[in-house]
There are 6 protein chains.
Amino acid sequence: MLINLINPNTSPGMTECIHQAALAVCSHGVQLRSVHPTQGTPSIESYLEEAIATTGVIEQVIAGEKLGCQAHILACFGDPGLDAARELAQAPVIGIAEAAMHSASLLGHKFSIVTTLSRTLAMSEHLVHKYGFAQRCAGISAVDIAVLDLHNPASQAYERILKACQQAVEEQGADTLILGCAGMADLNQRLSQALGVPVVDGVSSAVGLAEMLIRCGLSTSKRHAYALPPQKCYTGWAAETINPI
Amino acid sequence: MLINLINPNTSPGMTECIHQAALAVCSHGVQLRSVHPTQGTPSIESYLEEAIATTGVIEQVIAGEKLGCQAHILACFGDPGLDAARELAQAPVIGIAEAAMHSASLLGHKFSIVTTLSRTLAMSEHLVHKYGFAQRCAGISAVDIAVLDLHNPASQAYERILKACQQAVEEQGADTLILGCAGMADLNQRLSQALGVPVVDGVSSAVGLAEMLIRCGLSTSKRHAYALPPQKCYTGWAAETINPI
Amino acid sequence: MLINLINPNTSPGMTECIHQAALAVCSHGVQLRSVHPTQGTPSIESYLEEAIATTGVIEQVIAGEKLGCQAHILACFGDPGLDAARELAQAPVIGIAEAAMHSASLLGHKFSIVTTLSRTLAMSEHLVHKYGFAQRCAGISAVDIAVLDLHNPASQAYERILKACQQAVEEQGADTLILGCAGMADLNQRLSQALGVPVVDGVSSAVGLAEMLIRCGLSTSKRHAYALPPQKCYTGWAAETINPI
Amino acid sequence: MLINLINPNTSPGMTECIHQAALAVCSHGVQLRSVHPTQGTPSIESYLEEAIATTGVIEQVIAGEKLGCQAHILACFGDPGLDAARELAQAPVIGIAEAAMHSASLLGHKFSIVTTLSRTLAMSEHLVHKYGFAQRCAGISAVDIAVLDLHNPASQAYERILKACQQAVEEQGADTLILGCAGMADLNQRLSQALGVPVVDGVSSAVGLAEMLIRCGLSTSKRHAYALPPQKCYTGWAAETINPI
Amino acid sequence: MLINLINPNTSPGMTECIHQAALAVCSHGVQLRSVHPTQGTPSIESYLEEAIATTGVIEQVIAGEKLGCQAHILACFGDPGLDAARELAQAPVIGIAEAAMHSASLLGHKFSIVTTLSRTLAMSEHLVHKYGFAQRCAGISAVDIAVLDLHNPASQAYERILKACQQAVEEQGADTLILGCAGMADLNQRLSQALGVPVVDGVSSAVGLAEMLIRCGLSTSKRHAYALPPQKCYTGWAAETINPI
Amino acid sequence: MLINLINPNTSPGMTECIHQAALAVCSHGVQLRSVHPTQGTPSIESYLEEAIATTGVIEQVIAGEKLGCQAHILACFGDPGLDAARELAQAPVIGIAEAAMHSASLLGHKFSIVTTLSRTLAMSEHLVHKYGFAQRCAGISAVDIAVLDLHNPASQAYERILKACQQAVEEQGADTLILGCAGMADLNQRLSQALGVPVVDGVSSAVGLAEMLIRCGLSTSKRHAYALPPQKCYTGWAAETINPI
């Protein structure tokens, strides 16, 4: 079972963090192709950077399809490029934001999301609505730590995330928490123990969902919305990346 | 990994059908406790029968918890007793209707549900709304075959379900299909090949979701809505079934 | 005019309290069959207890139908068993939560619900959505007094409910209040005078709705969703309670 | 018990038809003040005519308040002037569209509305959303008979309404029907017998709801949205009608 | 290009304030017919006054149509009479509440509305839902200054509105603000500079929208909902105002 | 007044068609910078192509900002890159899909969208929900003509679009139509005359909205969601296009 685990940004440290989180939960026999795009943005904290990352996701989904990957995971909480990836792939594609929300909705009545920068709150809110979880979401809050500072001890990331989680449980009424960044994937167990409620990391959930779909023989529908895109003559980066599909 | 696979009705044939569907997808090392309640209703096609089945689900969730099951699956498309089961269980609990909808929403833009009797359409519609999939559901239709007639060749179940699925794809715009009864769990692959779109069976999806949650170390939140119920002195069937928790 | 006034729990004191609330508002010529199930749970504060109470509701709806009751009222704010009762009954069936919300929506722009235990907030929220009142509901709050402590002076129930109501008016913007427990049915007038806004008790509203439907000659639709359930051979408690319909 | 039964249009025949429908269901001791405005429009089939009728409703609500009416009913399916009437009245105010929808939602899973002219479909749709019944409404259809032609045998009103109702049950999945015009208030029983499902007339439902609120001692909230309007010096028709409140 | 700029209340000072706001933004060649009704209410702060103002709007829309106005603007934040005006007019009709919400939704992710009296909050909330902006609205708050006191220095209107706007940005998460009264139309630029976010006034937005529709050759649809009203014989004020259409 | 009119695809013929549609409606003194990206895709009919076009939109928004453009228009009905463009721009940004929906909602009760390929129906549906027009949209249908075939007489584009529009009015109940492709911008007047209802083209509406915002002095909010993106070191195409902001 070969899973294409794509970190949409270009930071090798993030790719490794994501790889470890996936490795910890995947079942016997699963192989992970843990990669990041050859070019793009070191972290994703804006709509602009989601657009940049989307081009890298397209590149790596195509590469993964050629290698026969049986599922693709997009390991950034904005799920950048998810629709385009589903269109390009025969295999199923899973974003970690949707994965986390699906998991959380199986565990409790209301989840809250704790994410990095305030400027990304609108993105998470949009996904909550797009995926249908508006009534299940108790709140979305930000700790205002940049993605690449999460592993810098000076940021006190764990303490600030813990505090935001506690407020979500006490004040928003959440019974389940979602960590809104792939860079937080190493914190969920420690937080869960401290809080006494489930804390969901999207990377590990996405691996489980990918295995589920593969074992059930389910893949992206090629009728209607996600049919393979028509063949056309692109120019620029798209010509190099996509044309020879 | 021990999974409590509960058929909420009392028909042994259904339990076996569900068991086979689960067996076909579960990964190495998973053990299934495939059971049905000691008493109840032979099939579930009304609100009344959902209420009867709920008491059997409670009985079997309690039994499964005592045996150390790491997840519970409720294998009836109405997800009877799901909230009560989550309250009673430390382990995660998954209904096959929610499992099917979560799976389907990862595979396409719109799913349709094909179920048994028209009288149950309102139940499925209620679940679609409760779980947040109203915008993702293209339609719900019934073939008007009773649950226990599905395996009777005279019912022409396969042909009628196939036809309803084709209408869902052509007329409702569905790109993914959900089989709305555990008793259809043996038809999804054949239908998928005939239709050329993914056909989701909730039993197999639920097994995959259960494995995912177990591997991720995630379980039902015990804060707020699903906290263990208060201890009280019940009378009647509840006294026998529940009191000695 | 004979109305079947069912207290879904087994506490005779609650049945009496409900009976008095109904008696105070019913018009000349109305007879109340005020009952509780022969077995079940002394109060209803969890999904588990709703499941237990549902079996008692089924028992008493069947009994009431045999006696020729012209309407059934389910006097617990979770409306346990409402769908099953509608299926079983020819006469109309009304839950007190829905009754209270329908009443409140005729009196103001926004209502708030004040209920007993925090653990039941999710249940009330679910009903608000199911019945279509999400935009009309300003908030739901709990005083964290158990149902059976409401009439214990040590609980200071009146004072704590009054305070929660005041917060609902001042902070949530409610102009109308709903008491979220049949056990509060004796408090609405006193609260209304203290607050200066309408305070709705579901029991009295349900009696008025029942009279309205009876006088209008309206009864539960037997087409589609609430058709009589199919006849089957049940086992266990259901066999004793239901089979001889 | 004095109820102010206002026909918002100026046709005496309609006022009499409404009066008879109310008389048939009101309980012993209820007195009806059945009136129409002194000036306005002979029927209401446009937004313009709703605006005209609203000024007549205001006139008659003020008159009814002065006479000590304990409830006001607005007997036109567009509920014209409902918000203004609630503001002006101490007593509760009920529109027959909302009354019909509340009743119907107690009787089945889905209702359909059958109304007069196609041009009013948007009005009914707006009310369905405003009152929170969007998920409960299976459809709205028009027979394209003008209000004042309903009692003209040449219009074949009964036959055409019956046919529209049958389509609503068979094709839209409705289990309950609502007659979308006060002028149809004499048809509901005949239709119900022919169709085998409940057919709701808003006038009789509104009378029952008014009695319910009066017996429960409930009245329009005077906090926030429906507080009495500020006293001002109006000119024109408003000066004559309203100023001396 | 002739635009009918209707102040729905009867205060000449408000009409002049609205006229100046429109004049400041309209393009070369636009002529404004800035008027108010011949009779009605000096300001609009209740449902009753919206009903009064609606009759004046009808009068002035008819007058404007006769003069060949190419668009009508209703310059009161409750958009009183909008539906009736659309029905009566061949030219397009724009309310300033909808104009402001359309504008604001092009500028940011979430807008908040700051309005005059608390009693009107429900009206604004209704319009937010009716126009489809519920997910885009971060909040609605009132400064509790009566419309006709806005230009009285003793009311400290600017300071109180500024404070409410700041709270909307900091606490509600708004990135854009809407002034919820035509009488605030002279404050938006000063507030925008102080706050550092766009502050939308509905009058100027409505002028721009009117010009847009006129240049695009677009006008109110006369099919279905907004077809011209049927000709009837009205009595009272309607006879004088409308009959000779 | 300088407006940046961006055709997101790379077909010069489309750019010219869009330019002419804009020229026909813009007011005196407006200058149009009508451009397309230097590289990308010749037409946009898939999520993949939206991702490609987004990178071209980013390029041209940056170029337009440097030239002092006072508004940006994205002239493709999928509004590709709208959020990223708003983030990058100080000036307001308008997509033609949102422009068309805002216009249409001012003209009638319900609009329908007629677009090119069926595979893009899901994209339009997503925008309808994102922009808040779900209740105002009567339907979305496709004529299944590729974008670049619209001007090929063999495609019979006008006839097939006319037929789809007629069905929308008759069967879906639409009173207003939206043309779902910038390549149809030359058809709206002819269609409107044939149909007798308003037919909205997004390009001309967007020009009018841009003028409106410019005259009102309104621009994209730089607080919260659309603040300028953080400065980072990108690699690949993004480095060339964006880094020197």
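None of these values were measured; they are calculated from a predicted model.

1. Structural notes on the overall build of chain A
Right, on to step 1. Secondary structure summary: chain A contains nine helices and eight strands in total.
Right, on to step 2. Taken over the C-alpha trace, chain A has a radius of gyration of 17 Å; the compact-globule value for 245 residues is 18 Å, and the two agree within 12%.
Right, on to step 3. With 245 residues in all, chain A has 69% of them scored as buried.
Right, on to step 4. When contacts within chain A are restricted to residue pairs at least 6 apart in sequence, those whose partners lie at least 24 apart make up 70%.
Right, on to step 5. Carbon and sulfur atoms provide 51% of the accessible area of chain A, an area that totals close to 7500 Å².

2. A closer look at the sheet that holds strand β5 (residues 111-115) of chain F
Residue and element names in this part refer to chain F.
Right, on to step 1. On the basis of which strands lie adjacent, the open sheet formed by four strands has the order β6-β5-β7-β8 and parallel pairing. Of all the strands in the sheet, just β6 (137-142) and β8 (199-201) have a single pairing partner and so form its edges. Taken over all neighbouring pairs, the strand axes of this sheet differ in orientation by 25 degrees on average, direction set aside.
Right, on to step 2. In terms of strand pairing, strand β7 (residues 176-179) meets β8 through three bridges, oriented parallel. What sits directly across from Ile 178, in β8, is Val 200.
Right, on to step 3. Packed on one face of the sheet, helix α7 (residues 188-195) meets β7 and β8 and runs near 170 degrees to β8.

3. Observations regarding the pairing of strand β6 (residues 137-142) of chain A
For a regular strand, side chains alternate in direction, first toward one face of the sheet and then toward the other.
Residue and element names in this part refer to chain A.
Right, on to step 1. Relative to β6, strand β5 (residues 111-115) runs parallel, the two sharing five bridges. Bridged to Val 114 within β6 is Ser 141.
Right, on to step 2. What joins β5 to β6 is helix α5 (residues 121-131), and the crossover it makes is right-handed.

4. Things to note about the arrangement of the chains
Right, on to step 1. Here chain B and chain E are not in contact; the least distance found between their C-alpha atoms is 16 Å.
Right, on to step 2. Nowhere do chain C and chain F come into contact; their C-alpha atoms are at least 16 Å apart.

5. Digging into the relation of the copies chain E and chain D
Right, on to step 1. With an RMSD of 0.0 Å, chain E superimposes on chain D once it is rotated by 180 degrees and translated 0.0 Å along the axis. When the rotation and shift are considered jointly, the pair of chain copies conforms to a two-fold rotation axis.
Right, on to step 2. Most of the interface of chain E is mirrored in chain D, where 100% of its interface residues again form contacts.

6. A look at the interface of chain F and chain E
Right, on to step 1. Contacts between the two partners involve 48 residues from chain F, matched on the other side by 48 residues from chain E.
Right, on to step 2. When the two sides are added together, the surface that chain F and chain E hide from each other amounts to roughly 3600 Å², 61% of it contributed by carbon and sulfur.
Right, on to step 3. When the buried surface of chain F facing chain E is broken down by residue, Leu106(F), Leu107(F) and Arg223(F) rank first, second and third, together holding 19% of it.
Right, on to step 4. The interface formed by chain F and chain E includes four salt bridges.

7. Remarks on the pattern of salt bridges
Right, on to step 1. Scanning the entire structure with this criterion turns up 54 salt bridges over all chains.
Right, on to step 2. Between Lys232(B) and Glu49(C) there is a salt bridge, with the nearest N and O atoms lying 2.9 Å from each other. With Lys232(B) in the loop between α8 (202-215) and α9 (237-241) and Glu49(C) in helix α2 (residues 47-66), this pair bridges two chains. Exposure class is identical for Lys232(B) and Glu49(C). Each is buried.
Right, on to step 3. Several salt bridges share partner residues, and in doing so they unite Glu211(A), Arg215(A), Glu211(B) and Arg215(B) into one network.

8. So, the relation of the copies chain F and chain E
Right, on to step 1. Between chain F and chain E, which share one sequence, the superposing operator has a rotation angle of 180 degrees and an axial displacement of 0.0 Å; the RMSD is 0.0 Å.
Right, on to step 2. In this assembly, 100% of the residues forming the interface of chain F have copies in chain E that are likewise at the interface, indicating an isologous arrangement.

9. Some remarks on the interface of chain E and chain D
Right, on to step 1. The partner chain D presents 40 residues to the 40 residues of chain E that form the contact.
Right, on to step 2. Together chain E and chain D conceal approximately 3100 Å² of surface at their shared face, both sides included; 61% is due to carbon and sulfur atoms.
Right, on to step 3. Looking at the side of chain E facing chain D, the largest losses of area belong to Tyr47(E), Leu48(E) and Arg119(E), adding up to 22% of the total buried there.
Right, on to step 4. Where chain E packs against chain D, one counts six salt bridges.
Right, on to step 5. A salt bridge links Glu45(D) to Lys232(E), with the nearest nitrogen and oxygen atoms 2.6 Å apart.
Right, on to step 6. Inspection of the chain E/chain D interface yields 25 residue pairs in polar contact (both at pLDDT 80 or more).
Right, on to step 7. Of all the secondary-structure elements, those providing two or more residues to the side of chain E that touches chain D are α2 (47-66), α3 (82-88), α5 (121-131) and α9 (237-241) of chain E.

10. Let's talk about the domain arrangement of chain A
Residues and elements named next belong to chain A.
Right, on to step 1. Partitioning chain A into structural domains gives domain 1 (2-96 + 204-243) and domain 2 (98-201).
Right, on to step 2. Just the C-alpha atoms count here: the centres of domain 1 and domain 2 sit 22 Å apart.
Right, on to step 3. Counting from both sides, the interface comprises 27 residues of domain 1 and, opposite them, 28 residues of domain 2.
Right, on to step 4. Interface of domain 1 and domain 2: buried area, both sides summed, is about 2000 Å²; carbon and sulfur atoms make up 61% of it.

11. Details of unusual backbone geometry
Right, on to step 1. Unusually for a residue other than glycine, Asp144(A) sits at a positive phi of about 55 degrees.
Right, on to step 2. Here Asp144(A) is to be found in the loop between β6 and α6 (157-170).

12. Some words on α2(C)
Residue and element names in this part refer to chain C.
Right, on to step 1. Here α2 contains 20 residues, and its C-alpha end-to-end distance of 29 Å stays within 8% of the 28 Å for a straight helix at 1.5 Å per residue.
Right, on to step 2. The element α2 is extensively covered by neighbouring structure, given that 17 of its 20 residues are classed as buried.
Right, on to step 3. The first or second residue beyond α2 is Gly 68, which carries a positive phi of 85 degrees.

13. Digging into the nonpolar core
Right, on to step 1. Within the largest apolar cluster, 408 residues are counted, with the highest numbers of intra-cluster contacts made by Met101(A), Met101(B), Met101(C), Met101(D), Met101(E) and Met101(F).
Right, on to step 2. Each residue touching Met101(F), except ones within four places of it in the same chain, is listed here: Phe77(F), Phe111(F), Ile113(F), Leu127(F), Val128(F), Tyr131(F), Phe133(F) and Ile178(F).

14. Brief notes about the packing of helix α4 (residues 96-105) of chain C against helix α5 (residues 121-131) of chain C
Residues and elements named next belong to chain C.
Right, on to step 1. For the pair α4 and α5, the least separation of the axes is 11 Å and the interaxial angle reads 60 degrees. Taken together, the axes of α4 and α5 lie oblique to each other. Relative to α5, the crossing made by α4 is right-handed. Between α4, through Ala 97, Glu 98 and Met 101, and α5, the contact on the second element is made entirely by Leu 127, Val 128 and Tyr 131.
Right, on to step 2. Looking at the contact of α4 with α5 residue by residue, the class counts come to five nonpolar, no polar and one charged.

Criteria and cut-off values
- Residues numbered from 1 in each chain as written.
- Chains lettered and ligands numbered in written order.
- Predicted model: local features only at pLDDT ≥ 70, side-chain atom pairs only at ≥ 80, totals over all residues.
- Heavy atoms only, no water.
- Helix = DSSP H or I, 4+ residues; strand = E, 2+ residues; numbered from the N terminus.
- Rg over C-alpha atoms; globule rule 2.2 N^0.38 Å.
- Buried < 20%, exposed > 50% of the residue type's maximum accessible area, 1.4 Å probe, protein only.
- Contact = heavy atoms within 4.5 Å.
- Areas by Shrake-Rupley, 256 points an atom, 1.4 Å probe, with all protein chains shown as cover.
- Pairing = 2+ DSSP bridges.
- Axes fitted to C-alpha atoms, helices over the stretch in contact; angles between N-to-C directions.
- Right-handed = clockwise from strand over helix to strand, strands pointing away.
- Least-squares fit on C-alpha atoms with pLDDT ≥ 70 in both.
- Buried area = accessible area lost by both parts, 1.4 Å probe.
- Salt bridge = Lys/Arg side-chain N within 4 Å of Asp/Glu carboxyl O.
- Polar contact = N/O pair within 3.5 Å; in protein donor to acceptor, adjacent residues only side chain to side chain.
- Domains from an automatic or database assignment.
- Expected span 1.5 Å × (residues − 1).
- Core = buried A, V, L, I, M, F, W, Y, C linked by side-chain atoms within 4.5 Å.
- Parallel < 35°, antiparallel > 145°, perpendicular 65-115°, else oblique.
- Left-handed = near helix turned anticlockwise from the far one by under 90°.
- Nonpolar A, V, L, I, M, F, W, Y, C, P; charged D, E, K, R; others polar.

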